[in-house]
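Okay, here's what each chain looks like letter by letter:
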Amino acid sequence: MASLKRFSPLPGFGLAMGYTLLYLTLIVLIPLTAVGAKTLSLGWEAFWSAVSSPRVVASYQLSFGASLLAAGINVVFGLIFAWVLVRYRFPGKSLVDALVDLPFALPTAVAGIALATICAENGPVGELLKTFAIEVAYTPYGVLLALVFIGLPFVVRTVQPVLADLEREVEEAAAGLGAARWQTFLKVILPHITPALLTGFAMAFARAVGEYGSVIFIAGNVPMVSEITPLLIITKLEQYDYAGATAVASVMLVISFLLLLIINALQGWMQQRYTAEA
Amino acid sequence: MSIAIRNISKQFGAFKALDDVSMDIPSGELVALLGPSGCGKTTLLRIIAGLEYADQGQILLAGDDTSALHARDRQVGFVFQHYALFRHMSVFDNVAFGLRVKPRRDRPAEAEIRRRVKRLLELVQLDWLADRYPSQLSGGQRQRIALARALAVEPKVLLLDEPFGALDAKVRKELRRWLRQLHDEIHVTSVFVTHDQEEALEVSDRVVLINQGRVAQIGTPEAVYDHPATPFVADFLGSVNLFHGRVEDGQLRLGEHALGAADGSDGSALAFVRSHEFELLPGWAGRGGLPATIVRVVSVGPSAQIELSRTDGELVEVAIARDTFRLLGLGEGDKVSLRPRQIRVFPTEAQAA
C-alpha cells in the first residue's frame, strides 16, 4: 500500500541541510575542535595562567578594543562612502567604486608595510603628524589605523545594495509629510539600512580581530602596549608552546563567537520586526 | 484651496515634458489629469507638489506663489502609485508620521495624535489593521493607508499619482468609487493622474486631457466625451474608429460611400465614430452606409463586440446591444452596411497645421 507522502514546495531540504552540516563540520568545526583538544591537554591551572597573564590580557584589550572601534569607525565612514556611491554621479565614480575593494585584494603584509612606511617618523604622514605631536606608528593608534584600512570594504559593500534598494519615493513621501531632511534620515533611511550596517559592522569586526599581517608592521609590537593577540599566539608557537598558543586562541574564539552571536541576534530581531508575514 | 497653474514648462534634456501649461483648479474640486504615458501629467503633479521644479511658470496655491517653497512647506498631500509606505513602521506609525515630525510647538500631544490617527484609520475603514506592517497588507489596503497618511497632516491639496495603477481591475473599480465618496465627504481639492479614461470620466468633476506636454482640453466628463476639441481627445476617450474621408454638402464620404451627416466645411477630414454609435444593416444594399464583412463576434456582457473588415481591408469595431444583435441574425462572414449615428469631424488641414 502506498503511503501518502507530503511534498514540500521547496524540495531538497534533507540533501541541502545534510550537505551544509557536513561542509560546516569539515571546514569549520573539525579545525576548531582540534584547537579545543590541544587546549585540553593543558591542565586547568596551566590553561588559566596561559590565558590570564597580564601581557595576554593587555593583548585581548587591544585586539578587541581596537577591532570594535575600527568597525565602529568603518560604520560611519562606510555609510558615507556607500551614500556617495549610490546617490551621486560624478566623474571617476567607477574608479572609486573599484578602489573600495582594494583592501580585500591587497596582501595584508603589503598594506602593513605601506602603512608603516608612510606613518613612520620619517614618512610623509608621520612627519606631518609629528608636528601635531601625534604618533601613529608603533602605537595602538597604528593598530587601529590598520584595522580601519582592512575593514572598510565590508560596510560599504553591505550597505550599498540596501541603500540603492530604498525607493526615492519613500523619501519624497516623508518630505511631503513635512519631515525635515534630518528627520527623514533618522526615521526613514537609517532604520532601513540598520540591519545592513550591523552586518557590515560584524564582518569588519570579525576580520579585524583575526587580522595579523597588516598590523604587525605598523604596531611595533611593544608588549603591554601595541601587541595584538594573534601576534602573541604566533610568538608562543615560535617558542614551541603549542598548548599555550591554542589556549589563547580558544579564548579569543569564544569571545569572538559570543560577540558575533549577539550582533546576529540583534540584527535578526530588527529585520523580523518589519518583514514578518502574518 | 484653489490651484492655479501658470505657464509651466519643463524640459528633461532634449525632451519637452511640459510646454506652457496653464489651468485653474477651483477649491474643493476633484480633477483628473488624463493622458497617455509620457505625456507629462505626472511631471505636472510633481511640480505642484514641489518634488520637481519647473523651468518656467508658477504654481499658485490659494493665490500665493509657491514656486520657491520646499515640498515639506507646501501643505500638499501626495499619494504614490506604489504606495511608498515606510516598511519598518506599523500602519499606525505610518499614518502618525506626518504629525510626529512637526516642530515641537505645532506637534499635537501624543493622545491627540492617537485620536486623530484612529479617526483617519476609521475614515479609510482599516482601523483594525493599525498594528500590522505594510508587508502584511494587500495592495488596496496599502493604498488606503497611504491616503490616510497623506490626509493626517490636513493638506490643503491632495495629489494622487496613478493611485490605482498597481491594483487589479476589481479592486481598482471599488477603490475609485470609494475615493469619490471620500472626496464628497472631506472636500479637499484633489488632483489625480491617470492614463485610464474610464477612471477619469467616472471619478472626476473635471478632466484635463494632456498630450505631449500640452493641455488638449479641459471640461466636465460629459463635455469632453461628447464634444472632443481635438482629434487626440476624440481618439483617446472611448474606443473609436478613425476614417480618412471628405466632407461634401454636409455629408461624410469615404470614396464612393456616403456615411452620414457631418458638420464642417467641405474638404478632406478626419472622422471619428465610437464603436457603439453604429447601426448594422444586413447586406450591401444601396441604402447608404459603409459596406463591410463581419470578421469576429465576441458576445459577452451587455453588448456584442463585432469586428468588421471594410472592403479595403481596414478594420472597424462596432458594439451593439446583444439583444439587438441577436434579432439581426448575423454571424461571422456576413455582409453588412455600417451606418454611423454620430460622426465627429476634424478638417485635415487644421490637423496638419
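Small disclaimer: the values here were computed from a predicted structure and weren't measured.

Visitor: Lay out the overall build of chain B with the relevant residues and their values.
Guide: For chain B, the helix and strand inventory stands at ten helices and 20 strands. By its C-alpha atoms, chain B is 80 × 45 × 35 Å across when sized along the principal axes. Burial status across chain B gives 51% buried among its 353 residues. Pairs at least 24 apart in sequence give 64% of the contacts found in chain B among residues at least 6 apart. For chain B, the accessible surface area stands at approximately 16,100 Å², while carbon and sulfur atoms represent 48% of it. Between the averaged position of the 43 positive side-chain charges in chain B and that of its 46 negative side-chain charges there is a distance of 7 Å.

Visitor: Give a description of the overall build of chain A that names residues and reports values.
Guide: A tally of helices and strands in chain A yields 13 helices and zero strands. Going from the N terminus to the C terminus, chain A shows its helices and strands as α-α-α-α-α-α-α-α-α-α-α-α-α. With respect to the three principal axes, the spread of C-alpha positions in chain A is 75 × 60 × 30 Å. Of all 278 residues assigned to chain A, the portion counted as buried reaches 41%. Across chain A, every contact between residues at least 6 apart in sequence was considered, and the portion connecting residues at least 24 apart equals 76%.

Visitor: Would you mind going over the packing of helix α2 (residues 91-100) of chain B against helix α3 (residues 110-123) of chain B in detail, with residue names and values included?
Guide: Residues and elements named next belong to chain B. Contact geometry of α2 with α3 gives a least axis separation of 10 Å together with a crossing angle of 125 degrees. Viewed along their axes, α2 and α3 adopt a mutual orientation that is oblique. Remark: the crossing between α2 and α3 carries right-handed chirality. On α3, the residues touching Val91, Phe92, Val95, Ala96, Leu99 and Arg100 of α2 are Glu110, Ile113, Arg114, Arg116, Val117, Leu120 and Leu121.

Visitor: An account of the nonpolar core is requested, with residue identities and associated values reported.
Guide: Among the nonpolar cores identified, the biggest contains 47 residues, and Val95, Val117, Leu121, Ile145, Leu147, Leu158 and Leu209 of chain B are the most heavily contacted of them. It is helix α4 (residues 139-152) of chain B that contributes the most residues to this core, seven residues altogether. Other than its neighbours up to four places away in sequence, Leu121 of chain B contacts Val91, Val95, Leu126, Asp127, Ala130 and Ile145 of chain B. Membership of the second largest hydrophobic core comes to 40 residues, among which are Leu177 of chain A together with Phe78, Val157 and Val191 of chain B.

Visitor: Describe the confidence of the model for chain B, and please don't skip the residues or the numbers.
Guide: Here chain B averages 87 in pLDDT, while 98% of its residues score no lower than 70. As a predicted assembly, this complex carries a pTM of 0.79 together with an ipTM value of 0.81.

Visitor: Residue-level account of the pattern of salt bridges, with values.
Guide: Residues and elements named next belong to chain B. The full count for this structure, using the stated rule, is 31 salt bridges over all chains. The residue Lys41 makes a salt bridge to Glu162 at a minimum N-O spacing of 3.8 Å. On the criterion of sequence distance, the pair formed by Lys41 in helix α1 (residues 41-49) and Glu162 in the loop between β7 (157-161) and α5 (169-186) is long-range, its members being 121 residues apart. Glu162 carries the same exposure label as Lys41, and that label is buried.

Visitor: Break down the sheet that holds strand β17 (residues 303-310) of chain B for me, with residues and values.
Guide: Residues and elements named next belong to chain B. Spatial strand order, β15-β19-β16-β17-β18: five strands in an open sheet with antiparallel pairing. Both outer strands of the open sheet, β15 (278-282) and β18 (315-321), are each paired with one neighbouring strand and no more. Here the strands of the sheet are splayed against their neighbours by 45 degrees on average, with no regard to which way each runs. As defined by bridge partners, β17 adjoins β18 across seven bridges and the pair is classed as antiparallel. Considered in β18, the bridge of Ile306 is made with Val318.

Visitor: Account for α4 of chain B, naming residues and giving values.
Guide: Side chains three or four residues apart in an α-helix point the same way, a direct result of the helix having 3.6 residues per turn. The terminal C-alpha atoms of α4 of chain B, which comprises 14 residues, lie 20 Å apart, in line with the 20 Å expected from a rise of 1.5 Å per residue. Of all 14 residues in α4 of chain B, twelve are buried; the element is thus mostly enclosed. Along α4 of chain B, the residues that are buried comprise Gly140, Gln141, Gln143, Arg144, Ile145, Ala146, Leu147, Ala148, Arg149, Ala150, Leu151 and Ala152 of chain B. Packed against the buried residues of α4 of chain B are α9 (168-176) of chain A together with β6 (76-79), α2, α3, β7 and α5 of chain B. Downstream of α4 of chain B by one or two residues, Glu154 of chain B has phi in the positive range, about 50 degrees.

Visitor: Now, about the environment of Gly72 of chain A: what can you tell me, with residues and values included?
Guide: Residues and elements named next belong to chain A. Mapped onto the fold, Gly72 is located in helix α3 (residues 54-87). Accessibility expressed as a relative area gives 26% for Gly72, which makes it partly exposed. With 140 residues separating them in the primary sequence, Gly72 and Tyr212 have C-alpha atoms 19 Å apart.

Visitor: Describe in detail the interface of chain A and chain B, supporting the description with residues and values.
Guide: Counting from both sides, the interface comprises 25 residues of chain A and, opposite them, 23 residues of chain B. If you look at where chain A meets chain B, you find one salt bridge. Here Arg46 of chain B and Glu172 of chain A are joined by a salt bridge, their closest N and O atoms 2.6 Å apart. For the interface between chain A and chain B, the tally reads four residue pairs in polar contact (both at pLDDT 80 or more). Among the elements of the structure, α9, α10 (181-210) and α13 (242-275) of chain A are those that each provide at least two residues to the side of chain A that touches chain B.

Visitor: Quick one: what's the story with the sheet that holds strand β10 (residues 214-219) of chain B, residue by residue and with numbers?
Guide: Residues and elements named next belong to chain B. The sheet built from six strands is open, its strands ordered β6-β7-β8-β3-β9-β10 with mixed pairing. Every interior strand has two partners, whereas the edge strands, β6 and β10, have only one. Here the strands of the sheet are splayed against their neighbours by 20 degrees on average, with no regard to which way each runs. Taken together, the four bridges between β6 and β7 define a ladder with parallel strand orientation. Looking at the pairing, Phe78 lines up with Leu159 of β7.

Visitor: Talk me through the layout of surface pockets; I want residue IDs and the actual numbers.
Guide: All names here are of chain A. Put simply, the largest pocket is a space of about 480 Å³. Lining the largest pocket are 16 residues, and of these Leu32, Ala249, Met252, Leu253 and Ser256 sit closest to its centre. Elements with a minimum of two residues in the lining of the largest pocket: α1 (13-40), α10, α12 (229-238) and α13. The dominant element in the lining of the largest pocket, judged by the number of residues it contributes, is α13, at nine residues.

Analysis parameters
Residues numbered from 1 in each chain as written. Chains lettered and ligands numbered in written order. Predicted model: local features only at pLDDT ≥ 70, side-chain atom pairs only at ≥ 80, totals over all residues. Heavy atoms only, no water. Helix = DSSP H or I, 4+ residues; strand = E, 2+ residues; numbered from the N terminus. Buried < 20%, exposed > 50% of the residue type's maximum accessible area, 1.4 Å probe, protein only. Contact = heavy atoms within 4.5 Å. Areas by Shrake-Rupley, 256 points an atom, 1.4 Å probe, with all protein chains shown as cover. Lys, Arg positive; Asp, Glu negative; His and termini not counted. Charge placed at Lys NZ, Arg CZ, Asp CG, Glu CD. Axes fitted to C-alpha atoms, helices over the stretch in contact; angles between N-to-C directions. Parallel < 35°, antiparallel > 145°, perpendicular 65-115°, else oblique. Left-handed = near helix turned anticlockwise from the far one by under 90°. Core = buried A, V, L, I, M, F, W, Y, C linked by side-chain atoms within 4.5 Å. pLDDT = per-residue confidence, 0-100. Salt bridge = Lys/Arg side-chain N within 4 Å of Asp/Glu carboxyl O. Pairing = 2+ DSSP bridges. Expected span 1.5 Å × (residues − 1). Polar contact = N/O pair within 3.5 Å; in protein donor to acceptor, adjacent residues only side chain to side chain. 1 Å grid on protein atoms, 1.4 Å probe; cavity = no way out; pocket = protein on both sides within 12 Å on 5 of 7 lines; lining within 4 Å. Points joined across faces, edges and corners; volume = space filled by probe spheres on them.

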